[in-house]
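Listed here are the chains, written in short residue letters.
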Number of protein chains: 4
Amino acid sequence: MPHGPDGGTARRILTGAVSCFFEQGYHATSMREIAARAQIQPASVYHWFSSKETMLLTVMQGFQDALTAAAVAAHEAHSAPLDRLAAMVRAHVTLHVQHRKEALISDTEIRALSPASRRQIVAGRDRYQRLFRETIEDGCARGAFRCADVSVATNAILVQCTGVASWYRPRGRLSLQEVADVHADLVCRSLDAEPPSKPA
Amino acid sequence: MPHGPDGGTARRILTGAVSCFFEQGYHATSMREIAARAQIQPASVYHWFSSKETMLLTVMQGFQDALTAAAVAAHEAHSAPLDRLAAMVRAHVTLHVQHRKEALISDTEIRALSPASRRQIVAGRDRYQRLFRETIEDGCARGAFRCADVSVATNAILVQCTGVASWYRPRGRLSLQEVADVHADLVCRSLDAEPPSKPA
Amino acid sequence: MPHGPDGGTARRILTGAVSCFFEQGYHATSMREIAARAQIQPASVYHWFSSKETMLLTVMQGFQDALTAAAVAAHEAHSAPLDRLAAMVRAHVTLHVQHRKEALISDTEIRALSPASRRQIVAGRDRYQRLFRETIEDGCARGAFRCADVSVATNAILVQCTGVASWYRPRGRLSLQEVADVHADLVCRSLDAEPPSKPA
Amino acid sequence: MPHGPDGGTARRILTGAVSCFFEQGYHATSMREIAARAQIQPASVYHWFSSKETMLLTVMQGFQDALTAAAVAAHEAHSAPLDRLAAMVRAHVTLHVQHRKEALISDTEIRALSPASRRQIVAGRDRYQRLFRETIEDGCARGAFRCADVSVATNAILVQCTGVASWYRPRGRLSLQEVADVHADLVCRSLDAEPPSKPA
DNA sequence: AATGAATGAGCGTTCATTCAT
DNA sequence: GATGAATGAACGCTCATTCAT
């Protein structure tokens, strides 16, 4: 994948593709449409991406990398289970709101990937979920959390925080900060812990 | 839509379509594939459904009707906010597990509907969500629940319970009953209420 | 591959395809061109043939089958090496002239087949060549023929008789019968045998 | 067509093109493939050859020139019809084996040339065939050869000797010298002449 | 109630080629 | 002497759908 000094063209193509995938879905988006949005010819897209699927994979991998990096940073920044999980939840919600389109694409288009790409993305997703499960497990072991089933709780929490991308409207009543805080709060309460203190 | 004495053929077609839409998505599913699963010719499908989109609408409307009927019944069966919401959550989770495929299709393929059909489905979905929001609002007003933002809480709760369809595996460790109970529990705790008593 | 009572449409398509392949080569022929010759839409071709390659394989296999059947019949009709080989040569030349296009396609487009199809055709071709080699070998053993190298002779003879398809013009000076006879004559003389008697 | 001090790049490109055309055919070979084999970019090929067709024409013309020169030399080196034809056959076979790829390309890709180029190549081919026909005619007139039809014989002989390129394997049982001799032998015998003496 | 045959539109992708640098 | 970027045209093929039977 070639790129100029600023990666301009490839980025412009990808941005348009993200919008298309988000609005209509991967399979309902044609290469001609992506090309038109980037103001180039369909054939020119192939100078930057070897296939439509490559574009999807690039989007999903990029978002997954950002998510994982943020979760790891949040994890390492705190040692108390409550603060740690709250920070991770805030990071998850924040990224899902800031990159709504990529988040929803990552959530719904895994089927569209080729088997090899799918394996790669699923493996990364599993690693990410494990970060959360282990944090919750550790909190239960240290008495900070209480829950009937760690796996169910992990799934329920992640699904809830991911879901923000599907209903949050940036022009809405709540700021991103507030939504993130509310979710940190909901999550901790559902684990029978006192709501966490808000960071400055 | 014609139908024989038992509605057999139409149902067989629709069942196959549901599996296809679930496994690959609406746009990645071809009429030929649906026909093949029903062991008829592509042209014959049109004897029962006037278009591919009609099949999608039928599936989504059917699931939405079932969901709404169950929520109304749960609402009417109880008057205390806690029991009422718990019953509604249990019904929601139960139907989403029992009809995983229809649930996931309803959740992800709204974009694929024509504008008219989409309006119809979105209106029904809004009515359904209102049932939950009003129940939570009422609970807060009567002092049974406590939450920072009713709208956010409603969205977060519904997204969490809907999400069960995406990760619950029937062959897993927990029974459907248990997953429904855990979610009723999580929801009530996140609203600062004592976990509800389990029904017999 | 469906077909009506007379195989009309499929045959019409194939005839046009044969002409295209013959005139321009397989890779220079487009499905649109084949469809236009058959006076149908490009998509309709796929009702009869699942791919362009399938059409090529059908043509080659059909010609190979005809060739083999004729060679076996000629072989069985005679027991003297001279008469036997002469009959086989006449059959080979006759079919190559009567089906010039199919002959030339079979001769030059093997590379265009998929590996699996290619194996199938090559195997059939080898069987056919073996029929000739064994006939010549037997003739040498029985003292009817004399030649420096049976394999080279077989190849040279077959290539010579196949080549008729590339230069024979139906409107030319010689009749098909005469060309076939001349080649039977050439072949036998090149094996140091008396020219064969002509059949009535 | 520019060229450096050694003509290196142009030759390297052409060699790769010959291999591609030989292995897959002209139309199945892309400029990108030719460029990749020469380890340059597709656009760079156009610095040396103005089009894909020019490359094909260059290959065919080069082989035809070599063939013609060799045939003329063989013709002039002998005066007896038998020795003369034998020498011409040996030259033809030798060049077809030594330049298998160019020979096969010349034989099968004439259709791919533009009308103007095709006319040029066909004219040269006709001149070459005339050399053989006149030699055989002269041999018949002088009583050295006997055949039913000079034109048919010429075509059959040339097709047979050209065919060597399609089946001869350099690693095979016979040396190039031997194959050339066998063919000179076959040709003379088929013209009812005593096999020619072998040259030192 | 069902289907074989057909179709127009559109798909993802590749092509030979151009041109400013 | 070489190339990165671009392009218009065309490729083989699949699509949802129609319709006479």
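Numbers given for residues are sequential positions, taken from 1 along each chain in its written order. A letter from A marks each chain and a number from 1 marks each ligand, given out in the order of writing. At least 70 in pLDDT is required for a residue's local features to be given in this predicted model, at least 80 for side-chain atom pairs to be given and counted, and no such filter applies to totals for whole chains, interfaces and linings, which use all residues. In computing side-chain values, all of the structure's heavy atoms are included and hydrogens and water are not.

> I would appreciate a short explanation of the arrangement of the chains in the present structure.
Separated without contact, chain A and chain C have their nearest C-alpha atoms at a distance of 20 Å. Chain A makes no contact with chain D; the smallest distance between any of their C-alpha atoms is 13 Å. Throughout, a residue-residue contact means that at least one pair of heavy atoms, one from each residue, lies within 4.5 Å.

> Just checking my understanding: could you explain unusual backbone geometry for this structure?
If a residue is not glycine, its phi is most likely negative; likewise, a peptide bond is most likely trans. At Asp192(A), a residue that is not glycine, the phi angle is positive and equals roughly 65°. Note on conventions: DSSP H or I runs of at least 4 residues are helices, E runs of at least 2 residues are strands, and numbering of each starts at the N terminus. Residue position: Asp192(A) is located in the segment after α10 (176-190).

> Help me out: how do you make sense of helix α1 (residues 8-24) of chain C in this one?
Because an α-helix packs 3.6 residues into every turn, residues spaced three or four apart end up facing the same way. All names here are of chain C. Expected helix span is given by 1.5 Å per residue-to-residue step, counting one fewer step than there are residues. The end-to-end C-alpha separation of α1 is 24 Å, in line with the 24 Å expected for 17 residues at 1.5 Å each. Along α1, the residues that are buried comprise Ala10, Ile13, Leu14, Gly16, Ala17, Val18, Ser19, Cys20, Phe21 and Phe22. Backbone geometry just after α1 places glycine 25 at a positive phi near 95°. Relative accessible area decides the class of each residue, using a 1.4 Å probe on protein chains only: under 20% of the type maximum gives buried, over 50% gives exposed, and in between gives partly exposed.

> Mind showing me how you'd approach the UniProt feature "DNA-binding region" (unreviewed entry) in chain A here?
UniProt positions are given in the numbering used here, feature names are shortened, and annotations may be inferred rather than shown by experiment. UniProt's entry tags residues 30-49 of chain A with the feature "DNA-binding region" (unreviewed entry), counted in the numbering of this structure. Summarising residues 30-49 of chain A: 55% helix, 0% strand, and an end-to-end C-alpha distance of 14 Å.

> It is not clear to me how the interface of chain A and chain B should be interpreted in this structure. Could you clarify?
Bring the parts together and some accessible area is lost; that lost area is often taken as the interface size. Taken together, the 33 residues of chain A in the interface contact 33 residues of chain B. When two components associate, each loses some accessible surface as probed by a 1.4 Å sphere; the sum of these losses over both components is called the buried area. Surface buried jointly by chain A and chain B totals about 2,600 Å² across both partners, of which 60% is contributed by carbon and sulfur atoms. Three residues, Arg111(A), Trp167(A) and Arg189(A), lead the burial of chain A against chain B; their summed loss comes to 24% of the area buried on that side. In what follows, salt bridge is the name for a side-chain nitrogen of Lys or Arg lying within 4 Å of a carboxyl oxygen of Asp or Glu. Scanning the region where chain A abuts chain B turns up 6 salt bridges.

> I tried to follow the domain arrangement of chain A on my own but got confused; where do I start?
All names here are of chain A. Here the bounds of each domain stem from an automatic or database domain assignment. The domains assigned to chain A are domain 1 (1-50) and domain 2 (53-190). If you average the C-alpha positions of domain 1 and of domain 2, the two centres end up 27 Å apart. Summed over both partners, the interface of domain 1 with domain 2 comes to about 1,300 Å²; 79% of that surface belongs to carbon and sulfur atoms. Taken as a group, Val18, Phe22 and Tyr26 account for 48% of the area that domain 1 buries against domain 2, more than any other trio of residues on that side. Counting across the domain 1 and domain 2 interface gives 0 salt bridges. Pairs of N or O atoms are called polar contacts if they sit within 3.5 Å, as long as, within protein, a hydrogen donor faces a hydrogen acceptor (for residues adjacent in sequence, only side-chain-to-side-chain pairs). Applying the counting rule to domain 1 against domain 2 returns 4 residue pairs in polar contact (both at pLDDT 80 or more). When residues of the side of domain 1 that touches domain 2 are assigned to their parent elements, the largest contribution, 7 residues, is made by helix α1 (residues 8-24). Three classes are used: nonpolar for Ala, Val, Leu, Ile, Met, Phe, Trp, Tyr, Cys and Pro, charged for Asp, Glu, Lys and Arg, and polar for all others, with Gly counted as polar. The residue makeup of the side of domain 1 that touches domain 2, split by class, is 11 nonpolar, 4 polar and no charged.

> So what exactly am I meant to see when it comes to the protein's contact with DNA strand F here?
Residues are labelled near a given molecule or strand when at least one of their non-hydrogen atoms is within 4 Å of it. Around DNA strand F, a shell composed of 32 residues is seen, among which Gln41(A), Arg32(C), Lys52(C), Ala43(D) and Ser44(D) lie nearest. A share of 57% is what sugar and phosphate atoms reach among the atoms of DNA strand F within 4 Å of the protein. Measuring from a phosphate oxygen of DNA strand F, one finds a side-chain N or O atom of Gln41(A) at 2.8 Å. Between Lys52(C) and DNA strand F, the recorded distance is 2.8 Å, taken from a side-chain N or O atom to a phosphate oxygen. The dominant element in the surface near DNA strand F, judged by the number of residues it contributes, is helix α3 (residues 42-48) of chain D, at 4 residues. When its residues are assigned to classes, the surface near DNA strand F shows 13 nonpolar, 13 polar and 6 charged.

> Looking at this structure, how should I read the interface of chain D and chain C?
Taken together, the contact between chain D and chain C spans 33 residues of the former and 33 residues of the latter. Across the chain D/chain C interface, buried area totals approximately 2,600 Å², and carbon plus sulfur atoms make up 60% of it. Three residues stand out in chain D for area buried against chain C, namely Arg111(D), Trp167(D) and Arg189(D), and they jointly supply 25% of the buried area on that side. Along the contact surface separating chain D from chain C lie 6 salt bridges. We note a salt bridge from Asp149(C) to Arg173(D), for which the minimum N-O separation is 2.5 Å. Where the side of chain D that touches chain C is concerned, the elements lending two or more residues are α1 (8-24), α8 (150-167) and α9 (176-190) of chain D. Of all the elements, α8(D) adds the most residues to the side of chain D that touches chain C, at 10 residues. For the side of chain D that touches chain C, the per-class residue count stands at 14 nonpolar, 11 polar and 8 charged.

> Explain the relation of the copies chain A and chain B here, please?
A least-squares fit on C-alpha atoms brings the copies together, and the residues used are those whose pLDDT is at least 70 in both copies. Relative to chain B, chain A is turned by 180° and slid 0.1 Å along the rotation axis, the superposed coordinates differing by an RMSD of 0.0 Å. In short, the pair behaves as if placed about a two-fold rotation axis. Of the residues that chain A buries at the interface, 100% are likewise interface residues in chain B, meaning the two copies contact each other through the same surface.

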